[in-house]
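# Examination of the molecular architecture
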Amino acid sequence: MEYRQLPHGNEHEKFSVLGLGMGGIQKTPQDEIEAIIRKAIDHGINFFDLCAGGAVYEPFGRAIKGQREKVFVQCHF
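All of the points below concern the structure found in this document. Bear in mind the structure is a predicted one, so any value in this text is a computation, not a measurement. (Residues numbered from 1 in each chain as written. Predicted model: local features only at pLDDT ≥ 70, side-chain atom pairs only at ≥ 80, totals over all residues. Heavy atoms only, no water.)

## Observations concerning the sheet that holds strand β5 (residues 72-74)
A sheet is described by the order of its strands in space; here 3 strands give the open sequence β3-β4-β5, paired in parallel fashion. Edge positions in the open sheet fall to β3 (20-21) and β5, since each of these has one partner strand only. As paired strands, β3 and strand β4 (residues 47-49) are joined by 2 bridges and run parallel to one another. Note that in β4 the partner of Gly 21 across the bridge is Asp 49. (Pairing = 2+ DSSP bridges. Helix = DSSP H or I, 4+ residues; strand = E, 2+ residues; numbered from the N terminus.)

## Topic: the nonpolar core
Ranked by internal contacts, the top residues of the largest apolar core, which has 14 residues, are Met 22, Ile 37, Phe 48 and Phe 60. If you list the elements that add at least two residues to this core, you get α1 (30-42) and α2 (54-63). At 4 residues, α1 tops the list of elements feeding residues into this core. (Core = buried A, V, L, I, M, F, W, Y, C linked by side-chain atoms within 4.5 Å. Buried < 20%, exposed > 50% of the residue type's maximum accessible area, 1.4 Å probe, protein only.)

Following this line, the structure appears as structure tokens:
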């Protein structure tokens, strides 16, 4: 996986060039959402867009448990 650093970030903040957008995944069973997120992390993806809202927050939290410092999350308000 290729990573990039934002101009204002520090040397430890490197984002994967591919991210995983969670839009449209709300109706997917939660265990499958967790599996998708874990597989993405296993393949080097560390940037996630949780634009789907609350439906993915819980499975996302379970999937990254113990690895929070490894991922970057974008949320919409």
